[in-house]
Structures are given as structure tokens and as C-alpha cells.
Amino acid sequence: ETFGVDASASGGGGMMMMAAPAAAEEVEEKAEQTEFDLFLKEVPKDKKISVIKAVRTLLELGLKEAKEKVDDPGKLMEAKPKAVVEAAMKLLQEAGAVVEMK
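Residues numbered from 1 in each chain as written. Predicted model: local features only at pLDDT ≥ 70, side-chain atom pairs only at ≥ 80, totals over all residues. Heavy atoms only, no water.

Trainee: What am I meant to see in the nonpolar core here?
Mentor: Where a protein is soluble and globular, its nonpolar side chains tend to be buried together. In terms of nonpolar packing, the biggest core is built from 19 residues, with L38, L40, V51, V55, V70, L92 and V99 touching the most fellow members. Listing elements by their share of this core, those giving two or more residues are strand 1 (35–42), helix 2 (48–59), helix 3 (63–71), strand 2 (75–81) and helix 4 (82–95). In terms of residues, this core owes the most to one element, helix 4, which gives 5 residues. (Core = buried A, V, L, I, M, F, W, Y, C linked by side-chain atoms within 4.5 Å. Buried < 20%, exposed > 50% of the residue type's maximum accessible area, 1.4 Å probe, protein only. Helix = DSSP H or I, 4+ residues; strand = E, 2+ residues; numbered from the N terminus.)

Trainee: Whenever I open this one, the side chain of D37 confuses me. Can you help?
Mentor: Inspection of the secondary structure puts D37 in strand 1. A polar contact is formed between the side chain of D37 and the backbone nitrogen of A79, at a distance of 2.8 Å. Those residues in contact with D37 that sit more than four places away from it in its chain are K75, M77, E78, A79, V85, E100, M101 and K102. (Polar contact = N/O pair within 3.5 Å; in protein donor to acceptor, adjacent residues only side chain to side chain. Contact = heavy atoms within 4.5 Å.)

Trainee: What am I meant to see in unusual backbone geometry here?
Mentor: Phi at E60 is positive, roughly 55°, even though this residue is not glycine. Residue placement: E60 occurs in the loop between helix 2 and helix 3. When its relative accessible area of 71% is taken as the criterion, E60 is described as exposed.

Trainee: What exactly am I supposed to notice about the sheet that holds strand 2 here?
Mentor: Either a parallel or an antiparallel arrangement is found when strands of a sheet pair, and the pairing is made through backbone hydrogen bonds. Spatially, 2-1-3 is the arrangement adopted by the 3 strands of the open sheet, whose pairing is antiparallel. Every other strand in the sheet has two partners, leaving strand 2 and strand 3 (98–101) as the edge strands with one partner each. Averaged over all pairs of adjacent strands, the angle between their axes in this sheet comes to 20°, without regard to strand direction. Sheet analysis places strand 1 next to strand 3, joined by 4 bridges and oriented antiparallel. (Pairing = 2+ DSSP bridges. Axes fitted to C-alpha atoms, helices over the stretch in contact; angles between N-to-C directions.)

Trainee: What is the right way to look at the environment of G74 in this model?
Mentor: The residue G74 is located in the loop between helix 3 and strand 2 in this model. Take G74: its relative accessible area is 24%, and that puts it in the partly exposed class. In the structure, G74 is positioned 26 residues away from E100 in sequence and 9.8 Å away in space, judged by C-alpha atoms. Those residues within four positions of G74 in sequence are excluded, and the remaining contacts are L38, F39 and L40.

Trainee: Just checking my understanding: could you explain the packing of aromatic side chains for this structure?
Mentor: Any two aromatic rings considered together are summarised by their centre-to-centre distance and by the angle between their planes. Under the definition given, this model contains 0 aromatic pairs. Directly above the ring of F39 sits K102, whose terminal nitrogen or CZ lies 5.1 Å from the centroid. (Phe/Tyr/Trp six-rings, centres within 6.5 Å; stacked < 30°, edge-to-face > 60°. Lys NZ or Arg CZ within 6 Å of the ring centre and 35° of its normal.)

Trainee: Mind showing me how you'd approach helix 2 here?
Mentor: Given 3.6 residues per turn, any residue in an α-helix points the same way as the ones three and four places further on. The terminal C-alpha atoms of helix 2 lie 16 Å apart, and with 12 residues this matches the ideal 16 Å at 1.5 Å per residue to within 8%. Taken residue by residue, helix 2 has V51, I52, A54 and V55 as its buried positions. Mapping the buried residues of helix 2 onto a view down its axis gives an arc of 165°, with all of them on the same face. Residues of helix 2 that are exposed and point over 90 degrees away from its buried face: I49, K53 and T57. For helix 2, the elements touching its buried residues are helix 3, strand 2 and helix 4. Positive backbone phi, at 55°, marks E60, one or two positions downstream of helix 2. (Expected span 1.5 Å × (residues − 1). Arc of directions from axis to C-beta.)

So this is what it looks like as C-alpha cells:
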């Protein structure tokens, strides 16, 4: 009372502290759902040149770097929005690559 603080108000603050971690977990779950990775799984030999061109376009790489990515399939994009990954998947699939979004 000396400083104009009511002791009964601190009881409500404790309950709010309990609710905050649950809200933070919900935000983290939503954040995980908005970021996706794109993996290059397989490239048929007859489609390799088309896939290299698509990788160069998507990742803005030089010929050597794009060829290395295609020769050693793996993660092409990391933590990108779903729309970006889906557009990249479409371009790579049209070029003949087998890709996967996770």
C-alpha cells in the first residue's frame, strides 16, 4: 500500500505466466509449418542437362555449382515459404527431376 501496489494483483499475474508458455508453443508450431525444405532425390541421365538449367535458374548458381548439386542429390532449398518451394518443385519436375518437400 505504501507504493500504491495492491498485493491481490500479483495472484492474477501468476496465472498469466502459466498461460504464456502454451501460447509460445503454438507460435513455434505455426512457424515450423510455414518453412519447408526441398530435396533433389533423383535425376534421370537423359534429363540431367534440363535439371542443371533449372537448378541454375532457381538458386542463381554458376554451371559448375549447379552441376555439383545435380550430381550429388540432396537438399536444394532450406527453410523457404511453401509457395516458393512448390514453384521450385514444379520447375524441377517439368525438367525431369524427382524432388521431395519436407
